[in-house]
Amino acid sequence: MEYLLSIIIGILEEGLVYAIMALGVYITYKILDFPDLSVDGTFPLGGAITAVLIIAGVPPMVTLFLAFLLGALAGVLTGLIHVKLKVRDLLSGIIMMTALYSLNLRIAGKANVAIFTKETIFDNAFLDRIAPERMKDYVTVVILLVIVVIMKLLLDIYLKTKSGYLLRAVGDNDTLVTSLAKDKGVVKIIGLAIANAFVALAGSIYTQKSGFFEISSGTGTIVIGLASVIIGTNMFKQFTLIKATTAVIFGSIIYKACVALAIALGMAASDLKLITAVLFLVILVISNERKRRVKAND
Amino acid sequence: MIELVNINKYYNPGTVNEMCLFKDFNLNVLDGEFVSVVGSNGSGKTSMLNIICGSIPIDRGTIRIGSEDITMMPEYQRQRRIGRVYQNPSMGTCPTMTILENMSLADNKGMSFNLTRGTNRKRIDSYRESLHSLNLGLEDKLHVPVGSLSGGQRQAMALLMATMTPIEFLILDEHTAALDPKTAELIMQLTDQVVKEKKLTTIMVTHNLRYAVEYGNRLIMMHQGEVVIDKAGDEKKVTEIDSILEKFNEISIECGN
């Protein structure tokens, strides 16, 4: 029982961290219709800056904001490459992701940076004082839940603003944005900035939770994000009361549960990326299959 | 006033497929004119609209609206004074957004798209009213995504959205061509109504010669990048479909169609 509970807690923790990243991917993939690979670089970007800042003594909460801002900046750059230099969406992301790999190494100084001994948002004197002893195991999940809910609500609210409407319009029908006398390129850049800000924030949280930064932590981020978005939006399609953003969060948790299951069934931890890729493939095939069946019923 | 002065437009310049569409093309559209433009495929009708709106670049010439030279102005900035409805009904609306959200977007044209609430609740009644005037029952479907409406309903909305805010020019690009005859008729009547109500200077490209003759106060026929018929005012009033058709056939025979 104890063992099962710890597995569930683990799944929730991982799922919630990646849910924030998945919300970012939701913005680019579902709203903007822009397959943005730069997230493979912006996730560790958030981690790298966080590790360095925490070692330098910056309060952990502040690093969250800085990671968010830096992610937004990276998103703007991807957008500028795409919009101003007219590079295809997929390639813009690849260029940014590749450049960020070196940049992240520069920021962190080396491929691994440990912050075990430092205070983080999950482990600090304040929490030690207020959290009761028997709740220790749940503190991380609770903090994550709070952050995820806040970020989800902020995104929901943003999508209901005029600027948010325009963002949804540009992915839907960018001709209309031009008709509204707005520069569609600028709208896309804003979308990419918000998306990558979410992803870098997730990277910052991930580093604080695991206690170290690792350069390869970004590999496959886009796959995990896409899988979460597709699982979430497909599974909860029938439930019109559940917002897509909520569905994406559930998608991320379900996805992490599937990975945990694969490992529990005897796969090695080193097979993680393989599991990630195969799971994603399975999800894609299933959702295609369903689409075909729906068409056949028409 | 819309002025096209000595417009030159080549497609595929510098290749063996180089094609000259416009050579020193000139057109003046006066304020308050409703111009119907007809012509065979490839005569340059849609290209002309695209040039006015800035969707395609020109090789030489000047485009002015009012007295302002807009030749170098990007497409999206020109749209501040222009409303445009396309042949494809899905071009004028956002399919995944609801009717209400689409109306709110259109209502905010020309203003800042900032972080205030996307839909102004005080305006909902006014949206209902204008939707009601379409007689399509859309006012009861405010929360339905536009993607689930029929082509005719979407085109009616597109027309409504394009003309919602104060604009000076209306560009209609075969906007009834994808609709069934009855819906096309309805959209044409709505168009005429809104053009008269808002006193819009309008250019309408159409393949329907009857619409071209019946609506508007000036008729232009284009052929190979040139204006071959241009009848305005009283002269247009007495023009009949047959005479237009005759000229049309003449051109077509020349082309070997």
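Structural notes, computed from the coordinates.

Parameters at a glance
Residues numbered from 1 in each chain as written. Chains lettered and ligands numbered in written order. Predicted model: local features only at pLDDT ≥ 70, side-chain atom pairs only at ≥ 80, totals over all residues. Helix = DSSP H or I, 4+ residues; strand = E, 2+ residues; numbered from the N terminus. Rg over C-alpha atoms; globule rule 2.2 N^0.38 Å. Contact = placed C-beta atoms within 7 Å. Buried ≥ 20, exposed ≤ 12 C-beta atoms within 10 Å, placed from the backbone. Pairing = 2+ DSSP bridges. Axes fitted to C-alpha atoms, helices over the stretch in contact; angles between N-to-C directions. Right-handed = clockwise from strand over helix to strand, strands pointing away.

Below, the discussion takes up the overall build of chain A. Of the regular secondary structure elements, chain A holds 12 helices and two strands. Going residue by residue from the N terminus, the α and β elements of chain A occur as α-α-α-α-β-α-α-α-α-α-β-α-α-α. Since a compact globule built from 298 residues should have a radius of gyration of about 19 Å, the 19 Å found for chain A is in line with a globular shape. Intrachain contacts of chain A at a sequence separation of at least 6 include 78% that bridge at least 24 residues.

Let us look at the overall build of chain B. Each helix and strand in chain B was counted, giving nine helices and 10 strands. For 257 residues, the compact-globule estimate of 2.2 N^0.38 gives 18 Å, and chain B sits close to it at 19 Å. Along the first, second and third principal axes, the C-alpha atoms of chain B reach 55 × 40 × 35 Å. A burial count over chain B gives 40% of its 257 residues as buried. Sequence separation of 24 or more characterises 69% of the internal contacts of chain B that already satisfy a separation of 6 or more.

Take the sheet that holds strand S7 (residues 169-173) of chain B next. Residue and element names in this part refer to chain B. With mixed pairing, the six strands of this open sheet are ordered in space as S6-S7-S8-S3-S9-S10. Two strands lie at the open edges of the sheet, namely strand S6 (82-85) and strand S10 (226-232), each paired on one side alone. Strand after strand, the sheet turns through a mean of 15° between neighbouring axes, direction not considered. Pairing between S7 and strand S8 (residues 201-205): five bridges, direction parallel.

For a regular strand, the rule is simple: side chains alternate between the two faces of the sheet. Residue and element names in this part refer to chain B. Burial analysis of S8 places five of its five residues in the buried class, which makes it a mostly covered element. Going residue by residue along S8, you find Thr 201, Ile 203 and Val 205 tucked away on one face and Thr 202 and Met 204 tucked away on the opposite face as well. In this structure, strand S3 (residues 34-39) lies alongside S8, joined through four bridges in parallel fashion. When the sheet's bridge partners are listed, Val 35 is paired in S8 with Ile 203. For the handedness criterion, the β-α-β arrangement of S7, helix H6 (residues 181-198) and S8 is classed as right-handed.

Next up on the list: the environment of Ala 106 of chain B. All names here are of chain B. Its location among the elements puts Ala 106 in helix H3 (residues 99-107). Owing to 24 C-beta atoms within 10 Å, Ala 106 belongs among the buried residues under this scheme. In sequence terms Ala 106 and Ala 158 are 52 residues apart; their C-alpha atoms lie 9.3 Å from each other. In contact with Ala 106, other than residues within four places in its own chain, are Met 161 and Met 164.

Scope: geometric values only; no functional claims are made or implied.
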